[in-house]
Each structure stands twice: as structure tokens, then as C-alpha cells.
Amino acid sequence: MWLDNASEIDILFYQPYAQFVANIICDRENTPLTVGLFGKWGAGKSTLVYLIGTELSQKDNAIVVDTNAWLYEGYTDAKTSLMETITRELGAHKKASQAIKDQCISLLSRINKLKMAKSVLTFGASAIALFGTGNPLTLKGVGDGAKGMVDAFCGNEIRETSVADIADFRKEFAELIEALDGKTAIFVIDDLDRCSPERIIDTLEAIKLFLSVKGTVFLIAADEDIIKYSIESKYPGLLKQENQYGTEYIEKIIQLPIRIPSLSIKDVENYLMLLVAQKYLKKEQLMQLLS
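Residues numbered from 1 in each chain as written. Predicted model: local features only at pLDDT ≥ 70, side-chain atom pairs only at ≥ 80, totals over all residues. Heavy atoms only, no water.

### Regarding the pairing of strand β4 (residues 216-222)
- Counting buried residues along β4, 7 of its 7 residues qualify, which places the element largely inside the surrounding structure.
- Side chains Thr 216, Phe 218, Ile 220 and Ala 222 project from β4 onto one buried face, and the interleaved Val 217, Leu 219 and Ala 221 project onto a second face that is buried too.
- Of the strand pairs in this sheet, strand β1 (residues 33-38) and β4 are connected by 6 bridges, and their pairing is parallel. Each bridged residue has a counterpart across the sheet, and for Phe 38 the counterpart in β4 is Ala 222.
- Following the chain from strand β3 (residues 184-190) across helix α7 (residues 197-211) to the adjacent parallel β4, one finds a crossover that is right-handed. (Buried < 20%, exposed > 50% of the residue type's maximum accessible area, 1.4 Å probe, protein only. Helix = DSSP H or I, 4+ residues; strand = E, 2+ residues; numbered from the N terminus. Pairing = 2+ DSSP bridges. Right-handed = clockwise from strand over helix to strand, strands pointing away.)

### Side note on the packing of α7 against helix α8 (residues 224-234)
- Put simply, α7 and α8 touch, their axes get as near as 8 Å, and they point 100 degrees apart. With respect to their mutual orientation, α7 and α8 come out roughly perpendicular. In contact with Pro 197, Ile 200, Ile 201, Asp 202, Leu 204 and Glu 205 of α7, α8 contributes Ile 226, Ile 227, Tyr 229, Ser 230, Ile 231, Ser 233 and Lys 234.
- Looking at the contact of α7 with α8 residue by residue, the class counts come to 8 nonpolar, 2 polar and 3 charged. (Axes fitted to C-alpha atoms, helices over the stretch in contact; angles between N-to-C directions. Parallel < 35°, antiparallel > 145°, perpendicular 65-115°, else oblique. Contact = heavy atoms within 4.5 Å. Nonpolar A, V, L, I, M, F, W, Y, C, P; charged D, E, K, R; others polar.)

### Here we look at unusual backbone geometry
- Residues Thr 31 and Pro 32 are joined by a peptide bond in cis, for which omega reads -5 degrees.
- With respect to the helices and strands, the residue Pro 32 is situated in the loop between α1 (15-25) and β1.
- The phi dihedral of Asp 181 is positive, around 60 degrees, even though this residue is not glycine.
- Although it is not a glycine, Asp 191 sits at a positive phi angle of roughly 65 degrees.
- As for its placement among the helices and strands, Asp 191 is situated in the loop between β3 and α7.

Laid out in C-alpha cells, this is it:
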């Protein structure tokens, strides 16, 4: 029995892919860039991501930040969760200077304001729905006071502040990336296709709207069919259009799609043989066999 984990040894012979992708995405002139590593479950996406990360770790002009979308599935808001995660991880990176750490702290403070505004608006919408159902809370006195509180929470001032904070966040985030001394910030998002459809679309839209600035690369490993299903779930009927707007939607967000080819029967046989060899051989012996 073998666990479904990324392999640290390249028994799928993905190293040429890893070198190719790493050479493209570490070039700051190609940014902002979103790369999609597309393949079915079990195709070796996580292994390829690991190999790309290994290649990038040897380059002085790249800062790699790893995230796993599945780990934050339970968070209420995907957009702010992603923004908070990559900012926190970037500030904790070993290549981050003290000035970068301080800028990240400032950005985290702004994200907290966005989360608070989001919570207030969500509370207001829920409360309004509650008041509209004839709930006993709408009894005179209690209902009038609560309704006034909802109006205050959901007023234009809160919404305008939220919009302003989003614009300021994007500006500050761009300044943060610009301060990386010419390095490219590469954010790796693995296991996105294990998330719920709404979480998948919210993550992609957060990348496009808030985080895609000069000097950034987002490397997303996912099953393309799962993404298309998520688009259909959030925007019903979109994929049934003659022009295949689902595909166009993906192309708007992901500029460089890399599709991992399916393994042939012979490839599968070789892979299984190497898995058995890996179990019984020492690492040096296995590497000699692979060569």
C-alpha cells in the first residue's frame, strides 16, 4: 500500500517539466503570471509541484511561498483567507528582510479590517432576512431597535470603507512585492480541486482581482474538469453556452496552462515496478536504477 503523497524522488520522470516551468516563472519580466498545472487526480501534480519548488529553491531571484487550499476549506471567506495566508507566509519567509516583515504586518492589519467589514455585512444580511420572516423578534420595541442596528451596520459607510480598503490593499501589496529587490514572489497553491466549488472560484477570483501584481506568479495545481464543474455550480448554465464560456473564464485567470499527459499502460507498469523497487532498495541504489 502506498500513500497519496508527493514523491521526493522523481520516479515519474517529471524533472524536464519542472526545469521548464521553473525557468519561465522565475523571470520577473513574465509577471504577473498565473500558471495552471492541470491533471487528473493521481497524475502526479503534487510531485511535479515539489520538483518545481526544488528547482526554484536553487535560484536567488525567486521567493517561493507554499500554500494548500484544502487546509483553509473551513474558513468563512476564501478571498480574505488566501490574502491573509500568503501575506503571513511571505512575512515569515527566510529571505524576507525586516522591512518586508513590517510591511506584511501592516497588510495583515488591513486584511483584518476587511474581514470585520465582511462579517458586519454578512450579519446585516442575515438579520434582515430574519426580520422579513415574521420572527417574534420583530415585536415592537425589540424589532425596532434591532432593525436600527442592522441599518447602521449595513450602511453605505461600511460598504464604501470596505471598497477603499480593498483598493488600498492591492496598492500596498504591489508595493510589498516591488520591495523584494527584484525577486519574483511565487505562490504555490496545491490541492485546490479538493475544495468546494464555491471555494475554488473564490480563490481564483481573489488571485485575479487582489493579488495579481507585477512580480508575482501563482502556480495552481488542479484538475481542470473540477474547475469547470465549479464554474457551472456557481454560474449555472454558463458551460452550456455555445461559445464555451467556462473555458474562456479559465483562460482569463490562467495565462499559462500546462496539462500533464495521462500515463500510458507501459508508464503505469514502470511506475508500479519503481514503487516496489523504492520500497526495498536504498536511496542510492534506487537513484542508480532511475539513471
